[in-house]
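This is what each chain is made of:
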Amino acid sequence: MRVNFTVNGRPQQADDVWEGESLLYVLRERLGLPGSKNACEQGECGSCTVRLDGVPVCSCLVAAGQAEGREVVTVEGLADHARQRACGTGGTCGTSLDEAKGWTADGTDSQTGEGAELSPVQQAFIDAGAVQCGFCTPGLLVAADEMLERNPNPSDADIREALSGNLCRCTGYEKIMDAVRLAAARQSEGV
Amino acid sequence: MPTNGVPTKITQGSGTKGGIGESTLRPDGTLKVTGEFAYSSDMWHEDMLWGQILRSTVAHAEIVSIDTAEALATPGVYAVMTYDDLPTEVKHYGLEIRDTPVLAHGKVRHHGEPVAIVAADHPETARRAAAKIKVDYRELPVITDEASATAPDAILIHEDRDDHHIGHVPHPNIVHRQPIVRGDVAAARERADVIVEGEYTFGMQDQAFLGPESGLAVPEEDGGVHLYIATQWLHSDLRQIAPVLGLPEDKVRMTLAGVGGAFGGREDLSMQIHACLLALRTGKPVKIVYNRFESFFGHVHRHPAKLHYEHGATADGRLTHVRARIVLDGGAYASASPAVVGNASSLGVGPYAVDDVDIEAIALYTNNPPCGAMRGFGAVQACFAYEAQMDKLAAKLGIDPVELRQRNAMEQGTLLPTGQPVDSPAPVAELLRRVKAMPMPPERQWESSEGADVRQLPGGLSNTTHGEGVVRGVGYAVGIKNVGFSEGFDDYSTARVRMEVVGGEPVATVHTAMAEVGQGGVTVHAQIARTELGVTQVTIHPADTRVGSAGSTSASRQTYVTGGAIKNACELVREKVLELGRRKLGSYHPAWAHAELLLEGGKVVTDAGEVLADLVDVLGDEAVEVEEEWRHRATEPFDLRTGQGNGHVQYSFAAHRAVVEVDTELGLVKVIELACAQDVGKALNPLSVVGQIQGGTTQGLGVAVMEEILVDPKTAKVRNPSFTDYLIPTILDTPTIPVDVLELADDHAPYGLRGIGEAPTLSSTPAVLAAIRAATGRELNRTPVRPEHLTGAS
C-alpha cells in the first residue's frame, strides 16, 4: 500500500508498504530516518518515541497505515520543532513552507556534527553528560521535549513520571535528570 | 619538585585546553542527539538482504532431521543454510574454548540455539521462511543444576572435551574448577568466637543493552567480506570468524558500527559469522538485526550462582577465616566461564584482610542459557554473598556493620587469598567512612501539603500506600574488582598516533581498534592526545581491524590499556617531533639541545615555560606517525591446586549506602537513595566517571529488586525473554545517586588512573539487600528479592 504523511514538516510518501509494517519500520527503512531506534518492538523501552499529531507514541506500536494523513515529528526534526515553538504562532522567525520542505537532517560539515543547530533539550543532554551509548537518547529527547512543552517548570517527580516509559541502561538516569532540569532552566531564562 | 614556591615545571597539558582531568564533552554527542549516529542496526546497503536465524525450541535434543525445502521455495528467499552448508572444517567458535557450533550439528544444548539461517529481501519474509523450516527433535533429559550435572548417570553436555581444563575438573560437566587455599582454616576456626554460615542464590541477570545485536556483512570483490558490527573486541571476533569462513584474516575486514551498550554481552559472537556466511553465499550484502526476544537468546548472561559461605571472627570483630564454595551455572557453552571462576574465587573474600581461606569455585555445563561476561564478572556474585555474611557477622557480634568492615578492611600491602600483595592504595575503610558521612535523605519525603505524593512511595502510581506500612532501612556494602585481564593473559593494546598540520593547525589523529560502546573511551582518547601532544584538534579515527588489536572493552580496562597505549604512542610521536624540531630549528636556541621540552598549546616549550617554536613550523609538510603495542605489568596464572599466584594487575574499590523504603504489607520496595564512594585513581574525565558510577550502580540495583531471567527447571526453557517480563530499572525505579570520587593514584598505571566501570556494580546489590533486611528483619539469601520474599508468601 501507499502511505502519505508529514514527517518533520515535510510531506512524505512511502510505497509498497506491507500492511504489517510499523511506523518505525517505514521511518527507518523506507524514509531514511533511522534516528528513531528499535530496541524492543513492543512498546516497553521508548527508544522509538516520536510525536504523532503532537502526542508522544511508540512508533513500533503504530501501524504505518495509521499515520496516513498525520503529522510525525522525529528526533531528526526536533531542533526545527523547538525553534518553531520558541517563535510562537505570530512570530517573525517561523519556518516557511518552502524551508520546511527543504528540511534535511544535515546541519553539519564535520565528523562530529559540530555546528548542528540543536534544540535546548538536545544541547542539555550533551552538556549534562546524559548521553553514553546514546541508543535511548532519541526517544528520551522526544519525550522530554514534549514534557517541557506542556510543563516548562517540571518538578523532579514530574520529570520521572514523564520519562518513565523510556529505558536507559547506561546512565542510571541521574545525568538525564540533570539534562532535563538544565533544559528547563535555560528555557525559562530564554537562553 | 618546586620547593621555593616558584613553579619550575609546568604540568604537561596545562597550556592545552581539553586535556585529561577536564570534563570535555563526547565527540559523538551531537551525532547521538540528532539521530545521525550510525548504530549497527542502522546500517544500510543498496540491494541488501535481511538475515534471520532459526533457533531451537527445546533445550536439549538430538536433531533427527532438518527440512529446508519449503523455506527455500519461498519467494524472496535467497539462501537457507544449515550445518551441512558450512564451508570449512572449522565449525565451532568460542572465546577461550571453541565449543560453540556456528549452527547446531546433531544436537542442541540450550533453548534458542541457532539451527539454520535464512536470507531474504524483507525481514518479514526471512522470518516467515525460517518458520517454515521443519526440525525434528528427539528430546533428551535436561541438566539444570549441580546435582543433575554431576549425577553418576548424567549425560555429558560435551562428549569429547579436549580443552585444557578437562584434566583438572572433577567431572566433564564442570567447565573449570579453581580452589584458593591459604593458611590453616581448621586452626583458625578454633580461634573463632563467632561463626556465621549462609547459603546464597544469585539470579541470572541480562546485560539488556538497548541496541540489539546487529550488523551488515558486505561481500567484496576479492572474495572477502567487510563486516560492520557492534562488538566489544574487533580482533577477538576476527580470530573466531575467519577460520569458519575459510578466509585469511586480512580478507575479513571489520569496522566498528555504532554500539548501543554492551556490558559484557558483546564479548561473545552473536550474528557475526551468520551474516558473513549469508553474504558470501548470496553475493549480496546481508544485514541481521535481532529483535528483543531473540536478543535474550542471542548473548550470554551473568552466571547465576549458589554460594555457600562460612565466616569466623574473634569477639573483637577480627576475621579468623573464610570458607566458601561458589557454584556458577555456565550453561551450555563455555564462553568466559573459566575466567569468571578465576575472579569469583580469587576475589571471593572481598576487600578484607583474612589469612586463612579455603575457597572453591566451579562453573557447570548445563542445558541452561550460556553464561559469560557481564559487568563485574564473577566478583558481583561473590560480593553479594560475602557482604551478606559481614552483616550477619556484625549482628551476631553486636558490632556496627560499617565498623566491622573497617576493622577488617584491606590496605595497601594486604595479601589477597592468592598470596598476591595489593600494591597500590586500597582505601576500603576510607570509602566506607565517606559514604557513611554523606547526608541522609530526609524522612518521609513523599509527604507534601497536598497529602502523599504516591510517585515517591513504594508502589508508585499504583497508589498502593500513602505511607501506611512503609518502613525505612539503611544498608552498606563495599567490594573489590580486578581491572584488566588476569591470570597471565597477554593483555595489550595498540595505538597509532599521527601528527601533521591540517588547515594551518597541528592535528593529532588517534587510530585504535577500541570498541566505543558508550563508555566514553573516544572522549578520553582525545584528552590524552591533547595532554601529551599539546594540540587542540584531535581526530578519532573509526575503529577497525586495519590497526592492531586494542583488546576488549571489558574488565574496566580500556582507559588503562588503550589509554596507556595512546599515551605511549603520543610520547613516541613527541620525541620524533622534537627530533624534527632539533634538526630544523636546533641552531636557533640552545634550549633545543639542553632543556627538557614539552608540547603545549600548539607549541614547543621548555620546562621553564619558554616558547621555542610553533608546531606548525616544526612539522611543516611532514607527518609523524607511530603505531605501537603497549602492555600493563604481566600477571601469572593461579596455581590449579592452591590458587596462589600474582594473577591480577589492579583493583577497583567502591562502597555504597542504600536507603530504601519498603511497604512491608505488600512487599514493595522503593529505593530512596543509593550513595556511592569510589576511588578512581585519577579521573581523566570527571563527568564520564560519575556517569559510569551511576550507571553501574543502577545495574546493581536492578539485580537487587527486579532483574532475573527465569528458566523453567523442568524444561530449561527461558520464560521471560522480553522487556515486558524481564524488568530493568526505569527512571521511576532509580533513586538519586550521589557520588563521592576519591583519587588516590596507582603509581603503576597511566596518570595513576584506575579502571572504574565495574566496581559500582558489585556493592550496589548487597547494599540494597542489606537495607531491605534492615527494613523488614528478613534474612533474604537470594537476589533479586521479590514481593513474596518480603511478605512471607513464599
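Residues numbered from 1 in each chain as written. Chains lettered and ligands numbered in written order. Predicted model: local features only at pLDDT ≥ 70, side-chain atom pairs only at ≥ 80, totals over all residues.

### Considering the overall build of chain B
We count it as follows: Here a strand is any run of E in DSSP of at least two residues, a helix any run of H or I of at least four, and the numbering for each starts at the N terminus. Three classes are used. A residue is buried when 20 or more other C-beta atoms lie within 10 Å of its own, exposed when 12 or fewer do, and partly exposed in between, with C-beta atoms placed from the backbone. Each residue is represented by a C-beta atom placed from its backbone, and any two residues with such atoms within 7 Å are regarded as in contact.
Scanning chain B from N- to C-terminus turns up 19 helices and 33 strands. When its C-alpha atoms are laid out on the principal axes, chain B stretches across 85 × 75 × 65 Å. For chain B, the residues scored as buried account for 60% of the 794 residues in total. Within chain B, residue pairs in contact and separated by at least 24 positions form 80% of the contacts whose partners lie at least 6 positions apart.

### Notes on the overall build of chain A
Per the secondary structure count, chain A includes seven helices and five strands. Starting at the N terminus, the α and β elements of chain A follow one another as β-β-α-β-β-β-α-α-α-α-α-α. Looking at chain A as a whole, 54% of its 191 residues qualify as buried. If you take every contact in chain A between residues at least 6 apart in sequence, the share linking residues at least 24 apart comes to 61%.

### Things to note about helix α3 (residues 123-131) of chain B
Residue and element names in this part refer to chain B. Where we set the bar: The reported arc concerns the directions from the helix axis to the C-beta atoms and nothing else.
Here α3 has its buried residues at Thr125, Ala126, Ala129 and Ala130. Taken down its axis, α3 places every buried residue within 130° of arc, on the same side. Of the surrounding secondary structure, the elements contacted by the buried residues of α3 are β1 (49-55), α2 (69-72), β3 (77-81) and β7 (114-120).

### Examining the sheet that holds strand β18 (residues 356-364) of chain B
All names here are of chain B. Selection criterion: Note on pairing: DSSP must find at least two bridges between two strands before they are called paired. Helix axes use the C-alpha atoms of the stretch in contact, all axes being lines fitted to C-alpha atoms, and the angles between their N-to-C directions lie in the range 0 to 180 degrees.
Taking strand neighbours across the sheet as the criterion, the six strands line up as β9-β18-β17-β16-β10-β33 in an open arrangement whose pairing is mixed. In this open sheet, the two edge strands, each paired with only one partner strand, are β9 (174-182) and β33 (782-783). The pairing of β9 with β18 spans eight bridges and is classified as antiparallel. Across the sheet, Gln178 pairs through a bridge with Ala361, a residue of β18. Contacting β9, β17 (319-329) and β18, helix α9 (residues 337-346) runs over the sheet at an angle of about 20° to β9.

### Examining the interface of chain B and chain A
Applied cut-off: The nonpolar class holds Ala, Val, Leu, Ile, Met, Phe, Trp, Tyr, Cys and Pro. Asp, Glu, Lys and Arg form the charged class, and all remaining residues, Gly among them, are polar.
Taken residue by residue, the interface counts 51 residues in chain B and 49 residues in chain A. The element that contributes the greatest number of residues to the side of chain B that touches chain A is helix α17 (residues 686-705) of chain B, accounting for seven residues. The residue inventory of the side of chain B that touches chain A, partitioned by class, reads 18 nonpolar, 24 polar and nine charged.

### Here we look at unusual backbone geometry
Leave glycine aside and you will find that most residues have negative phi; peptide bonds, for their part, are mostly trans. All names here are of chain B. Here the residue pair Thr783 and Pro784 is connected by a cis peptide bond, since its omega of 0° sits within 30 degrees of zero. Assignment of secondary structure puts Pro784 in the loop between β33 and α19 (787-791). The phi dihedral of Asp47 falls on the positive side, at around 65°, and the residue is not glycine. Position of Asp47 relative to the elements: it lies in the loop between α1 (29-34) and β1. Residues other than glycine seldom take positive phi values, yet Glu487 does so here, at roughly 55°. Assignment of secondary structure puts Glu487 in the loop between β22 (470-483) and β23 (492-502). Take Glu487: there are 20 C-beta atoms within 10 Å of it, and that puts it in the buried class.

### Section: the pairing of strand β12 (residues 225-229) of chain B
Consecutive side chains of a regular strand alternate in pointing toward one face of the sheet and then the other. Residues and elements named next belong to chain B. Burial of β12 is extensive: five of the five residues sit out of reach of the surface. The two faces of β12 match: Val225, Leu227 and Ile229 on one face and His226 and Tyr228 on the other face are all buried. With five bridges connecting them, strand β11 (residues 214-219) and β12 associate as antiparallel partners. Along β12, the bridge assignment pairs Val218 with His226. From the end of β11 to the start of β12, which pair antiparallel, there are five residues, and Gly223 there has a positive phi angle of about 90°.

### Observations concerning the sheet that holds strand β6 (residues 107-108) of chain B
Residue and element names in this part refer to chain B. Sheet architecture is open: three strands sit in the order β6-β2-β8, paired in antiparallel fashion. Every interior strand has two partners, whereas the edge strands, β6 and β8 (134-139), have only one. Here strand β2 (residues 61-67) pairs with β8 via six bridges, running antiparallel. Each residue of the ladder has a partner; that of Ile63, found in β8, is Tyr137.

### Things to note about the domain arrangement of chain B
Residues and elements named next belong to chain B. For clarity, the threshold we go by: By convention here, the domain bounds are inherited from an automatic or database domain assignment.
For chain B, the assigned domains read domain 1 (29-39 + 492-631) and domain 2 (43-140 + 210-261 + 266-298). In this assembly, 17 residues from domain 1 lie in contact with 20 residues from domain 2. In terms of residue class, the side of domain 1 that touches domain 2 is built from eight nonpolar, seven polar and two charged.

### Here's the deal with the confidence of the model for chain B
Residue and element names in this part refer to chain B. Spelled out, the test is: pLDDT is a residue-level measure of predictor confidence that goes from 0 to 100.
Counting all residues, the mean pLDDT for chain B is 96, and 98% of those residues have values of 70 or more. Under a pLDDT of 50 for its full length, residues 1-14 has, in the predicted model, 18 contacts with residues more than four places off or in other chains. Quick note on the complex model: pTM equals 0.95, ipTM equals 0.96.

### With respect to the packing of helix α11 (residues 401-408) of chain B against helix α12 (residues 428-437) of chain B
Residue and element names in this part refer to chain B. Using the following cut-off: Throughout this description, any angle smaller than 35 degrees is read as roughly parallel, any larger than 145 degrees as roughly antiparallel, any in the 65 to 115 degree range as roughly perpendicular, and the remainder as oblique. Crossing handedness is read from the near helix: turned anticlockwise from the far helix by less than a right angle, it gives a left-handed crossing, and turned clockwise, a right-handed one.
Between α11 and α12, the least distance of the axes is 9 Å, while the angle of their chain directions is 160°. In this view, α11 runs roughly antiparallel relative to α12, as classed from their interaxial angle. By crossing handedness, the relation of α11 to α12 is classed as left-handed. Counting all contacts with α11, which are made through Val402, Arg405 and Gln406, the residues of α12 involved are Ala429, Leu432 and Lys436.

### Describing the environment of Gly460 of chain B
Summarising the element assignment, Gly460 of chain B is placed in the loop between β21 (451-452) and β22. Note: C-alpha distance between Gly460 of chain B and Arg472 of chain B (twelve residues apart in sequence) is 16 Å.

### Thoughts on the pairing of strand β26 (residues 597-600) of chain B
All names here are of chain B. The alternating pattern of β26 places Leu597 and Leu599 and Leu598 and Glu600 on opposite faces, both of which are buried. With four bridges joining them, β26 and strand β27 (residues 603-606) adopt antiparallel strand pairing. Residue pairing across strands places Leu598 opposite Val605, the latter belonging to β27. Between the antiparallel neighbours β26 and β27 lie two residues, among them Gly601 with a positive phi of about 55°.

### Re the packing of helix α13 (residues 521-533) of chain B against helix α14 (residues 558-585) of chain B
Residue and element names in this part refer to chain B. At a minimum axis separation of 9 Å, α13 and α14 run at an interaxial angle of 30°. The angle between α13 and α14 falls in the class roughly parallel. When the axes of α13 and α14 are compared, the crossing they make is right-handed. Where α13 abuts α14, its residues Gly521, Val524, His525, Ile528, Ala529, Glu532 and Leu533 lie against Gln558, Thr559, Thr562, Gly563, Ile566, Lys567, Cys570, Glu571, Val573 and Arg574. For the contact of α13 with α14, the per-class residue count stands at seven nonpolar, six polar and four charged.

### Let's talk about α17 of chain B
The cut-off we apply is this: Expected helix span is given by 1.5 Å per residue-to-residue step, counting one fewer step than there are residues.
In this model, α17 of chain B (20 residues) spans 29 Å end to end at C-alpha, consistent with the 28 Å of a helix rising 1.5 Å per residue. Burial of α17 of chain B is extensive: 19 of the 20 residues sit out of reach of the surface.

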